[in-house]
Amino acid sequence: MKKARIGRRQFLQSAAVGAASTVLGQKAAEAKSFKSTGPLSSDASPHEGKPNVLVIMTDQHRADLMTCAGRDLVPTPNIDRIASRGVRFTNAYCPYPVCVASRMALLTGLYSHTTGAITNKDHLDWRYRTMADHFADNGYLTALIGKMHFVDAHNHGFEYYLSINDWLMYLGPKVKHYANEIANHPLGPKFFDTVNDNGAGFPDIEGLWDGPSPWVGNVERWNFEHMASPLEPQDHLDMFLAREAAKFISRYRHQPFLLVTSFMKPHSPFYPPRQWAEKYPVDKMELPPVGDITQYPDHIRKRIQRLQGLGDKRLRAHRAGYMGSLAFVDTCVGYVYKALENQGLADNTIVVYTADHGEMDGDHGLYQKFCLFEPSVRVPLIVSCPKQIPQNKVTTALTEYFGLYPTLVELTGIQPPKKTTLLDIPGAPARMDAASFADVLRNPDLKGPPAAFCEHALRSRIGQYMIRTRRYKFNFNDGSTHELYDHEADPGEFVNRINDPGLKKVRNQLQDQLFAWYNPEKNPYRPVQNRRG
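Residues numbered from 1 in each chain as written. Predicted model: local features only at pLDDT ≥ 70, side-chain atom pairs only at ≥ 80, totals over all residues. Heavy atoms only, no water.

## A closer look at the overall build of the protein chain
- When helices and strands are tallied, the protein chain shows 18 helices and 13 strands.
- Dimensions of the protein chain, computed from C-alpha atoms along their principal axes, come out at roughly 70 × 55 × 45 Å.
- Per-residue burial for the protein chain yields a buried fraction of 59% across its 533 residues.
- Here the contacts in the protein chain between residues at least 6 apart in sequence split such that 74% fall between residues at least 24 apart. (Helix = DSSP H or I, 4+ residues; strand = E, 2+ residues; numbered from the N terminus. Buried < 20%, exposed > 50% of the residue type's maximum accessible area, 1.4 Å probe, protein only. Contact = heavy atoms within 4.5 Å.)

## Describing the packing of helix α8 (residues 164–171) against helix α11 (residues 237–251)
- Where α8 contacts α11, the two axes come as close as 10 Å, and the packing angle between them is 105 degrees. Judged on the interaxial angle alone, α11 and α8 are roughly perpendicular. In contact with Ile164, Asp166, Trp167 and Tyr170 of α8, α11 contributes Leu237, Phe240 and Arg243.
- Split by residue class, the contact of α8 with α11 holds five nonpolar, no polar and two charged. (Axes fitted to C-alpha atoms, helices over the stretch in contact; angles between N-to-C directions. Parallel < 35°, antiparallel > 145°, perpendicular 65-115°, else oblique. Nonpolar A, V, L, I, M, F, W, Y, C, P; charged D, E, K, R; others polar.)

## A few points about the side chain of serine 112
- Tracing the sequence through the fold places serine 112 in helix α6 (residues 112–115).
- In contact with serine 112, not counting residues within four places along its chain, are Tyr96, Ala101, Ala117, Ile118, Glu455 and Tyr525.

## A word on the nonpolar core
- With 78 residues, the main nonpolar core has Val55, Phe89, Val383 and Leu408 as its most contacted residues.
- Among the elements that line this core, the one with the most residues is helix α5 (residues 99–108), at six residues.
- Grouped together as the second largest cluster of nonpolar side chains are 69 residues, Ile56, Phe248, Tyr322 and Leu340 included. (Core = buried A, V, L, I, M, F, W, Y, C linked by side-chain atoms within 4.5 Å.)

## A few points about helix α4 (residues 77–84)
- For α4, the set of buried residues is Asn78, Ile79, Asp80, Ile82 and Ala83.
- On its buried side, α4 packs onto β1 (52–59), β2 (86–93), α14 (312–342), β6 (349–355) and β7 (378–384).

## A look at the state of the cysteines
- Within this structure, the stated rule accounts for zero disulfides.
- Cysteine 68 carries a free sulfur, and the closest cysteine sulfur to it, the one in cysteine 332, is 17 Å from it.
- Counting only cysteine sulfurs, cysteine 454 is the nearest neighbor of cysteine 371, a cysteine outside any disulfide, at a range of 9.6 Å.
- Taking the relative accessible area as the measure of exposure, cysteine 371 reaches 0% and is therefore buried. (Disulfide = S-S within 2.5 Å.)

## Let's talk about the pairing of strand β11 (residues 464–468)
- With five of its five residues buried, β11 lies for the most part within the structure.
- Residue alternation in β11 divides its side chains into two sets, Gln464, Met466 and Arg468 and Tyr465 and Ile467, and both sets are buried.
- Where strand β10 (residues 452–456) and β11 come together, five bridges link them in antiparallel fashion. Within β11, the position partnered with alanine 452 by the bridge is arginine 468.
- One ladder, built from five bridges, connects β11 with strand β12 (residues 472–477); its direction is antiparallel. Bridging across to β12, glutamine 464 finds its partner in asparagine 477. (Pairing = 2+ DSSP bridges.)

Read these as spatial facts, not as claims about activity.
The structure is reproduced here in structure tokens:
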């Protein structure tokens, strides 16, 4: 038992860069770092010329829950450090508030309605050209360490791929603890009966099990008194990924690389290690007021009612687990960034921090994502590259975050892709939908594009389409009540002004702009009975 306790303490000394280092001491943290992440020797030097690219992703990170964004509810010292060395976007939007759809759009620079990768069961056609394909063709070693929610076994251009399955193998018999976490989703009672959540990598590939999950009937039922994981910190997926990313950076520091380190947290399962969970006790969580929901579309009201029907204890458990998970993943982010610094690569690496979508966190009575309110569709986006980009700057420019692909192409100076596909796909566009935002990175005072777009539930009875301008947001809910919010007067989106006669002209203009972007009539994914004509 004594030996196990020492191992945990050593791990915490190694992992706790940033916030936790104030408790453990910076010297202890550096002393116990991975051998492979030590500083370069005097006779070694990183490659010159092409900058490296390090994309650090988390899952379901609400954009305003960062200390650098002005909220210290969950301190994020390591994410803040990246922001201090680059440009932080306050108005970056995902193209679709669902994991698969948003991530595949990010990799291809194509909207979900273009590729058909829409729900968490859809796979991306392997013939689409991803940023990994393109960077590999231009001399980069491409690597993905962690979650990308591919659904199938294609690597989509990543030559070095370490998936969640590798971590499950590392866990060995301890997998049972993760199975229990999957089963005890505070907002999803059904998970206890299925023990199947490929959104959390269990399993990592859709349909892996021929029949029910083998864990059904072999899991414990928890009572949500606390959200502490039974796993030690070093055994958590996110720290496993951080260690493997550090190894990669050390091993391949002499050649240009594109490394995507993609963490799971603060996405479910909402069970951080005990040290982080105890900072956010379930019984101390306050729930935001639901407010007046009568003005919202019927599908939103029904979802609010369903979530509120779960009871306060489950909702508090979700908030507590989410916050503890965010605090823990910030530590993991710091571990990776510290490895980059130790190798002398920070100045010649384009470092990106972002997430695939946001989290409602109780606003309007909603939790998780799956809607077009700001907390769901707005994402954190930070880009650092001291040789090219100003440091410690903030931009309010409207930005579609899936423009990262063409932005990285521009910043690295490689040739832009000539096609969006590797092999011909009938109907595939000749050019990416996404636009580079490199000009805003170089000059954060620019206003950026006049609008950002988002879509959701394209395969459902009520497809949802959003246009966000600097002042207004218009949501076209196909077959239901539409929404119009004036962000100048109502940044929290509490008053739906869709029927305000004084805003009729604005509403019509926004609808015309939205339909010029994508007309819901053209949506081929709607159920047949919902199609018109």
